[in-house]
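# Tertiary structure, described
So the chains spell out like this:
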Amino acid sequence: MSSTSTSGQFVVYGDDLRVRSILGTRCEETSRALSLLLKDEEPWVLPIVVLLKNATEPAKPGERAVTVNISQLEQGGFHIQVTVMVRGDLRPADFRRELVRVLLAERALRRKTDSATVRNPLIPEWLVNGIVDAMDYRQRS
């Protein structure tokens, strides 16, 4: 089952309607906060998929609860997905960090016009860390 956020940018897949609704709202809030921080008023172009999976097994050492997959489609365009393993070590801050990563990636990819392969990682870790820290600072003040 899926739910679409108010702007339509986020499509959240998962079994629980309440959780999908909460995550969709959280995605919209994070997107708005990032747009304000970056002073970016351009509309989004690429949708972002959020996939909720219930963990059936305990996490393996080093396995992250939130992962990102950005892939280039053969017919053109990109698929941007955040996968969330619903389990005991899932932290809201981890989800927010990866959401910021894909929102920055969407901004970079919406301007991509050539067919060259996208480098990995598309968004460097230092940039994600700096943006998240700036958003936290802004939220505190």
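Please read these numbers as outputs of a predicted model, since none were measured by experiment. (Residues numbered from 1 in each chain as written. Predicted model: local features only at pLDDT ≥ 70, side-chain atom pairs only at ≥ 80, totals over all residues. Heavy atoms only, no water.)

To continue, consider the overall build of the protein. Each helix and strand in the protein was counted, giving three helices and five strands. Moving toward the C terminus, one meets the helices and strands of the protein in the order β-β-α-β-β-β-α-α. Against the compact-globule benchmark of 14 Å for 141 residues, the protein has a radius of gyration of 15 Å, which places it among compact chains. Along the first, second and third principal axes, the C-alpha atoms of the protein reach 45 × 40 × 30 Å. Buried positions account for 35% of the 141 residues belonging to the protein. Of all intrachain contacts in the protein linking residues separated by at least 6 positions in sequence, the fraction that spans at least 24 positions is 66%. When the accessible surface of the protein is split by element, carbon and sulfur atoms take 54% of a total near 8,800 Å². The positive charge centre, built from 20 side chains, and the negative charge centre, built from 18, are 3 Å apart in the protein. (Helix = DSSP H or I, 4+ residues; strand = E, 2+ residues; numbered from the N terminus. Rg over C-alpha atoms; globule rule 2.2 N^0.38 Å. Buried < 20%, exposed > 50% of the residue type's maximum accessible area, 1.4 Å probe, protein only. Contact = heavy atoms within 4.5 Å. Areas by Shrake-Rupley, 256 points an atom, 1.4 Å probe, with all protein chains shown as cover. Lys, Arg positive; Asp, Glu negative; His and termini not counted. Charge placed at Lys NZ, Arg CZ, Asp CG, Glu CD.)

What follows covers the pattern of salt bridges. Summed over the entire model, instances satisfying the criterion amount to twelve salt bridges. Of the charged contacts in the structure, one is a salt bridge between R110 and E42, with a shortest N-O distance of 3.9 Å. Within this pair, whereas R110 is found in the loop between α2 (92-109) and α3 (125-140), its partner E42 is found in the loop between α1 (17-38) and β3 (48-54), the two being separated by 68 residues in sequence. Note that E63 and R87 form a salt bridge whose closest N and O atoms lie 3.5 Å from each other. Taken together, the positions of E63 in the loop between β3 and β4 (66-72) and R87 in the loop between β5 (78-86) and α2 put the pair 24 residues apart, joining distant regions of the chain. Several salt bridges converge on common partners, so that one network encompasses D40, E42, E106, R107 and R110. (Salt bridge = Lys/Arg side-chain N within 4 Å of Asp/Glu carboxyl O.)

The next subject is the environment of S3. Its place among the elements puts S3 in strand β1 (residues 2-4). Excluding residues that lie within four positions of it along the chain, S3 makes contacts with F10, V11, V12, L17 and R20. A distance of 2.8 Å separates a polar atom in the side chain of S3 from a polar atom in the side chain of R20. (Polar contact = N/O pair within 3.5 Å; in protein donor to acceptor, adjacent residues only side chain to side chain.)

Another aspect to go through is the confidence of the model for the protein. Summing up the model confidence of the protein, the mean pLDDT is 89 and the portion of residues at 70 or higher is 95%. Averaged pLDDT values for the elements of the protein fall to 91 in β4 and rise to 97 in strand β2 (residues 10-13). (pLDDT = per-residue confidence, 0-100.)

Once that is clear, we can look at α1. For α1, with 22 residues, the first-to-last C-alpha span of 31 Å sits near the 32 Å given by 1.5 Å per residue. Of all the residues in α1, the buried ones are R20, L23, G24, C27, E28, T30, S31, L34 and S35. Summarising the axial view, the buried residues of α1 lie within an arc of 165°, below the 170-degree limit, and thus occupy one face. In α1, those exposed residues whose orientation departs by more than 90 degrees from the buried face are R18 and L36. Turning to α1, the residues buried within the fold contact β1, β2, β3, α2 and α3. (Expected span 1.5 Å × (residues − 1). Arc of directions from axis to C-beta.)

Another point: the sheet that holds β2. Strand order in this open sheet of five strands is β1-β2-β3-β5-β4, and the pairing throughout is mixed. Either end of the sheet is taken by a strand with one partner, and the two such strands are β1 and β4. Put simply, the sheet's adjacent strands are angled 20° from each other on average, direction ignored. Here β2 pairs with β3 via four bridges, running parallel. Among the inter-strand pairings, Y13 is bridged to a residue of β3, identified as L51. With respect to the sheet, α1 is in contact with β1, β2 and β3, its orientation differing from that of β2 by roughly 155°. (Pairing = 2+ DSSP bridges. Axes fitted to C-alpha atoms, helices over the stretch in contact; angles between N-to-C directions.)

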